[in-house]
Amino acid sequence: MTILRRLVALLAALVTLFALVGVARLIAPATGGVAGQPPGVDRQLSYLRTELDAGAGEDAQAMFPEGWFFAHALYGLARVETGLRQPPQERDGALREARWALARLESPAGTAPFSADLTPAYGVFHAGWTNWLRGGVLALQPASGRDPAEVRRFTEASTALAAAFDASATPYLAAYPGQAWPVDSTVAVASLRLHDHLLPPRFDRTTARWLDGVRQRLDPRTGLLPHRVDPGTGAPAEVARGTSQSVIQRFLPEIDPAFAREQYLRFRTGFVVSPLGLGPAVREYPRGLDGPGDVDSGPLPLGVSFSATVVTLGAAQVQGDDALAGALANYGELVGFPLDTPHTRRYAFGLLPIGDAFLAWSKTARPWVSAPADPPPATVAPWWRTPLVALLVLLAVLAWVPWLLLRRLSRRR
């Protein structure tokens, strides 16, 4: 009986420790806002670089068509984000890593999943994300000391993108033959705005025309940019969805902050929920509509997409919605099971490095072109943690019930 009681006590102590750590993760700040460095993100990026060198990109590619690309692109962009938070004289490491990631995107492995016959070459998905990272590499360098070859390449790629948009009857260019998603064109147009922010402006008319076309083709159900469109006309072909909206809301403020704020408030109303009253999360489909998951959204328990929830953290931060960003980050610290070493941090026991890439990119989100946004009216109550903390405390208390019963039985004997 004594040995059994000791084993039960050990298990109860472990459960109590788990609960206390969970409470701490819910309370301790998990983001740094648009100016501060998020806690642990440098160690997370160190882990990601090691994983990428060991083949994490190939593993991600086996999961979805853009897995290899995203694993490297998000790593490079997160390095830019952390570098922009440092003094210019301390950015060498961030610049080196961002350049490494950019070279990977431009390599044969980076272009392999895409068609060179599209306009722009390899499609707007590859062109837009790659160009955004090109601009990030330049943003890390002092204006007077930028690499001329990198400036020239960014200008040439931006010009090709603008020409493709100017020649198109729709604001949404193809990412794959016969397929177009508005989110991809949003990233690409944001890269044009980044060009005009870093270098002499050239693409104001292209941006204005794009915005006019977007406003004429909003999803009639939600008033948001649709998830998928007819590639020939840009007409909505699929209702707005969380996985694409979370990225759109991250980039749209760089293009038109006023329009972006309108879209963000619509998105937040239609997609941000609190399943079972236990914390904020993001639906894949708007309230009142359910649908199947796919490789982008993943499984949809209670209609929630984990990938959309992670990326919305970054969108909220760019929008100045620190209440929602902080809540999403703290909730992620609880359910993401972060594991720390002196030099690394990984989530979900390190099973999905691509998930770490999305999370690091989201936690480091900040505007690159537009000024920091004023916070919108908060929708996350200050006491949102209370049910979760109560559950963790209850778990800690219940863990000791078997031990107390065994102790009482032992005393009776």
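Conventions and cut-offs
Residues numbered from 1 in each chain as written. Predicted model: local features only at pLDDT ≥ 70, side-chain atom pairs only at ≥ 80, totals over all residues. Heavy atoms only, no water. Phe/Tyr/Trp six-rings, centres within 6.5 Å; stacked < 30°, edge-to-face > 60°. Helix = DSSP H or I, 4+ residues; strand = E, 2+ residues; numbered from the N terminus. Buried < 20%, exposed > 50% of the residue type's maximum accessible area, 1.4 Å probe, protein only. Axes fitted to C-alpha atoms, helices over the stretch in contact; angles between N-to-C directions. Parallel < 35°, antiparallel > 145°, perpendicular 65-115°, else oblique. Left-handed = near helix turned anticlockwise from the far one by under 90°. Contact = heavy atoms within 4.5 Å. Polar contact = N/O pair within 3.5 Å; in protein donor to acceptor, adjacent residues only side chain to side chain. Domains from an automatic or database assignment. Buried area = accessible area lost by both parts, 1.4 Å probe. Nonpolar A, V, L, I, M, F, W, Y, C, P; charged D, E, K, R; others polar.

**Q** Give a description of the packing of aromatic side chains that names residues and reports values.
**A** One pass over the full model with this rule turns up 21 aromatic pairs. Look at Trp132 and Phe251: their rings are 5.1 Å apart centre to centre, the planes differ by 75 degrees, and that puts the pair in the edge-to-face class. Of this pair, Trp132 sits in helix α7 (residues 123-139) while Phe251 sits in helix α11 (residues 242-255), and the two are 119 residues apart along the sequence. One exposure class covers both Trp132 and Phe251, and it is buried. When the ring of Trp132 is compared with that of Trp368, the centres are 4.5 Å apart and the planes differ by 10 degrees; the resulting orientation is stacked.

**Q** Run through the packing of helix α13 (residues 306-318) against helix α15 (residues 353-363), naming residues and quoting values.
**A** Close contact between α13 and α15 brings their axes to 8 Å; oriented N to C, the two are set at 10 degrees. The angle between the axes of α13 and α15 places the two elements in the roughly parallel class. Along this stretch, α13 crosses α15, giving a crossing that reads as left-handed. Seen from α13, the contacting residues are Val310, Val311, Leu313, Gly314 and Gln317; seen from α15, they are Phe358, Leu359, Trp361, Ser362 and Lys363.

**Q** Account for the environment of Ser46, with residues named and values stated.
**A** Relative to the assigned elements, Ser46 resides in helix α2 (residues 41-53). By relative accessible area, Ser46 is classed as partly exposed at 30%. It is 8.1 Å that separates the C-alpha atoms of Ser46 and Arg345, two residues lying 299 residues apart in sequence. If near-sequence neighbours (up to four positions away) are discounted, Ser46 is found in contact with Arg79 and His343.

**Q** So what's going on with unusual backbone geometry? Which residues, and what values?
**A** In this chain, Thr119 is followed by Pro120 through a cis amide linkage whose omega measures 0 degrees. Of note, Leu276 is a non-glycine position whose phi angle comes to about 60 degrees, a positive value. Turning to its location among the elements, Leu276 is positioned in the loop between β3 (272-273) and β4 (281-282). Residues other than glycine seldom take positive phi values, yet Phe337 does so here, at roughly 50 degrees. For Phe337, the location among the structural elements is in the loop between α14 (322-335) and β5 (339-340). Overall, the relative accessible area of 32% leaves Phe337 in the partly exposed class.

**Q** How would you explain the environment of Ser305 if you had to name every residue and give the values?
**A** Secondary-structure assignment places Ser305 in the loop between β4 and α13. Through-space distance from the C-alpha of Ser305 to that of Tyr285 is 8.9 Å; in sequence the pair is 20 residues apart. With sequence-adjacent residues up to four places away left out, Ser305 is seen in contact with Thr243, Val282, Arg283, Glu284, Ser297 and Leu300. Within the structure, the side chain of Ser305 is placed 3.1 Å from the backbone nitrogen of Ala308, a separation counted as a polar contact.

**Q** Give me the lowdown on the domain arrangement of the protein, citing residues and values where you can.
**A** Domains assigned within the protein are domain 1 (1-30 + 386-412) and domain 2 (31-380). The interface of domain 1 with domain 2 comprises twelve residues on the first partner and twelve residues on the second. For the pair domain 1 and domain 2, the summed buried surface comes to about 1000 Å²; carbon and sulfur atoms form 64% of the total. If you sort the residues of domain 1 by the area they bury against domain 2, Arg25, Ala30 and Leu388 come out on top, with a joint share of 61%. Elements represented by at least two residues in the side of domain 1 that touches domain 2 include exactly α1 (2-27) and α16 (386-398). Per-element accounting of the side of domain 1 that touches domain 2 gives the leading share, five residues, to α1. Looking at side-chain class alone, the side of domain 1 that touches domain 2 contains ten nonpolar, one polar and one charged residues.

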